[in-house]
Amino acid sequence: MAHVDCLIRNVSWEDRSCDLFIGEGRVLELAEAGTVAAPADMSGSEIVDAGGLTLLPSLIDAHVHLREPGQEYKEDIRSGLSAAAGGGFGQVMAMANTSPVNDNASVTRFMLQKASEAFPHGPWVRPVGALTVGLLGKELAAAGELARAGCVALSNDGLPVENTELFRRAMEYAADFGLKVIDHCEDPWLGKGGVMNEGEVSSRLGLKGIPTTSEAIQVARDILLASYLDLPIHLAHISCRQSVELIAGAKERGVKVTAETCPHYLLWDESRIESYDTSVRVSPPLRTRDDVLALRQAVRTGVIDILVTDHAPHAAHEKEVTFADAPNGISGLDTALSLTYELVRSGELDFADINRLWCWNTADIFTLPANRMRPGDPADFVLFDPDLAWVATAGALLSKGKNTPCLDKEVPGRVMAHFLGGRAVFSRLETITLKRS
Amino acid sequence: MNWRHKDLLEISQLDADEIAHVFETAARFAEVNQRPIKKVPILKGKSVVLFFAEASTRTKTSFDMAGKRLSADTFSLTKSGSSLQKGESLKDTALTLQAMNPDAIVIRHWDSGAARFLAERLTCSVINAGDGWHAHPTQALLDGFTLHQVWGSFAGKTVCILGDIAHSRVARSNVELLTMLGARVRLCAPRTLLPAMVQTWPVQVFSDVTKACEGVDAVICLRLQLERQQAGLLPDLREYACTYGLTPRHLEKANADVKIMHPGPMNRGLEIASELADCGASLILDQVASGVAVRMTLLHLYLTRTRISA
């Protein structure tokens, strides 16, 4: 083995006790505890006992809104990446609905510049370029320019694209640059003006609803196009059973469709809106209990490929309004792992699933680097304490966005340390410092 | 009865005993409204803010009169006369008003949940005078009181609510109240104006007005907002009037003593035939009179309740 800079003993990896050997910012080996001896020469190295903390690869969030440029009062790249670091995310794909829109290289380069100024060693922003100019859905954005500037995908999120011909051409054009298109599926007319799921609760509360069919119609359109063009398509924030069924059928037929959902669609349903709680106003909206169950099963079976936060920070006063006036969005980077861990605790998922859903599948879909814990992989990892619950107070949340239903509530499991290239980008541990030679 | 509620947001907060108490008390206040001197000193020195962000004739005047007849001081705030026009938030408007220490705020607002929004933030009583499509509890109570004065009991009675149910806070609150009182409730509307999942409501749903009115004891007509046609929910107003407007021929198989009601304001000739609004079976003006008595009752109950300290 090459020189070991750090040996972390007694981590829990996919529920097995392991030792992690790190050298020169890379994984040297992840071995079952006690099976690999430390090399004789460990001078200048750190040997630490992790006390059974859970080891995870540094996670990737394929859907965040960092609000900079233009809406820095909600979040900026520095605060967003702080939240990412503390939340266990080493890479975040930042959507283009900034102001100005990221439909050109200057904005892309600006975002990357801001990120490297704030965090020269990561976490990393991976920009998602706009699909259409200004996100207006009328003209193609310059995919080639965006790709060269550093965009890793293209999307019109948070807006759908109504013009099917344009969407087809956008998918084709993006493909020449190896960029996938991420689509926010929502029929622009069906349920227009809606603020929550259309159903029993919206009827009772007197709020205009958006039927699940609004999402499913564009999911079906995208699947048909992907099939016709034999091109990949990635479907953003899937929220309902109807969409899941369409995606499952498409995958069976070999269509190159991938899909994501968020922790909030796996944990909460429309009944949380009974009190007109704006912290759960989100687009697409929370759906029924049946949709929650369908999504959980889809995540387990791989119909849904990855989890994302759709991190959507807002200023507190913006959400302290009536439900119909509140902007859509839940701030998710700080609490994503804790909320996902709730599903581990209830037996829906295990830690091996977290590795795939929050890292490796994402890296595969968008061709991003990731730590697979194989020798030579970057030492990008998280130490997580599943037994440490914490209260998500405004002060504890690192994002400027405190708009989460978890606010002031206890959530399970906490990130204790986060390393990129073997260097700590976040730590609440005194014992592990990890020097880099 | 020691009134245990700080706010009146929707009918479901109340139980049958409380509703009965409201009706009994309203009957006594109705008598006050017939006296030459229509004033009692019950709420002397109390301040009631009438915060009507949405226009209103009946409800606002009714609450204003109710407050004044109980000797309270009433203060009126409308959208055009307030800084809501300058974009001041609902939250700030509420806190500003609260800083002046009113005993109650009666609120009408275009957003569902607005009354609850205030109630959660203010220490004074908040009375919902209509929030968006969600609830209009005082309307339901006055409708219920009006029928109670005529029938005494709701057992065996069938009431049909006719019109734009989907967008109607009056419909929602009346469905809650009438079913709680033991009446059978029917809804009649074109499918585009019915709420989603209406089959989960404790009602019978009709699309044919004549069938909906067979054997019915009362029909509550709802105003059709003229913008619904623009929203693509209806072909045009003539079609609506011809198919869903209530006319005497629809009532041929109704109960002989059928009552006609409308919360107002009415579009005569659209949702209700003009002659029905004025006929002997119409309780429309009785509703208005009931409204003052019921609102006097509610102001009395909410402003004189014994606060339970924590």
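Residues numbered from 1 in each chain as written. Chains lettered and ligands numbered in written order. Predicted model: local features only at pLDDT ≥ 70, side-chain atom pairs only at ≥ 80, totals over all residues.

Novice: I'd love a proper account of the interface of chain B and chain A, names of residues and values included.
Specialist: The interface of chain B with chain A comprises 19 residues on the first partner and 16 residues on the second. Residue assignment for the side of chain B that touches chain A shows that the elements contributing at least two residues are helix 3 (90-99), helix 4 (114-121) and helix 6 (169-180) of chain B. The element that contributes the greatest number of residues to the side of chain B that touches chain A is helix 4 of chain B, accounting for three residues. (Contact = placed C-beta atoms within 7 Å. Helix = DSSP H or I, 4+ residues; strand = E, 2+ residues; numbered from the N terminus.)

Novice: Tell me about the pairing of strand 14 (residues 257-261) of chain A, and name the residues and values.
Specialist: All names here are of chain A. The element strand 14 is largely enclosed, with a buried count of five among its five residues. Covered by surrounding structure in strand 14 are Val257, Ala259 and Thr261 together with Thr258 and Glu260, the residues of both alternating faces. With helix 7 (residues 241-252) bridging strand 13 (residues 233-235) and its parallel neighbour strand 14, the resulting β-α-β unit is right-handed. As defined by bridge partners, strand 14 adjoins strand 15 (residues 306-307) across two bridges and the pair is classed as parallel. Bridged to Thr261 within strand 15 is Leu307. (Buried ≥ 20, exposed ≤ 12 C-beta atoms within 10 Å, placed from the backbone. Right-handed = clockwise from strand over helix to strand, strands pointing away. Pairing = 2+ DSSP bridges.)

Novice: Give a description of the nonpolar core that names residues and reports values.
Specialist: The biggest cluster of nonpolar side chains holds 118 residues, and the ones touching the most others in it are Val128, Leu154 and Leu295 of chain A. The biggest single contributor to this core is helix 12 (residues 351-366) of chain A, with six residues. Among the domains, domain 1 (6-55 + 377-427) and domain 2 (58-366) of chain A are the pair contributing at least three residues each to this core. With residues near it in sequence (within four places) discarded, Leu295 of chain A still touches Ile238, Val244, Thr261, Tyr265, Leu266 and Ile304 of chain A. Residues Ala94, Ile165, Ala218 and Leu283 of chain B belong to the second largest nonpolar core, which totals 108 residues. (Core = buried A, V, L, I, M, F, W, Y, C linked by C-beta atoms within 7 Å. Domains from an automatic or database assignment.)

Novice: Would you mind going over the domain arrangement of chain A in detail, with residue names and values included?
Specialist: Residue and element names in this part refer to chain A. Once the domains are mapped, chain A shows domain 1 (6-55 + 377-427) and domain 2 (58-366). Computed from C-alpha atoms alone, the centre-to-centre distance between domain 1 and domain 2 is 27 Å. Counting only elements with at least two residues in the side of domain 1 that touches domain 2, the list comes to strand 16 (381-385), strand 19 (414-420) and strand 20 (423-427). Residues that form the side of domain 1 that touches domain 2 fall into these classes: 16 nonpolar, eight polar and six charged. (Nonpolar A, V, L, I, M, F, W, Y, C, P; charged D, E, K, R; others polar.)

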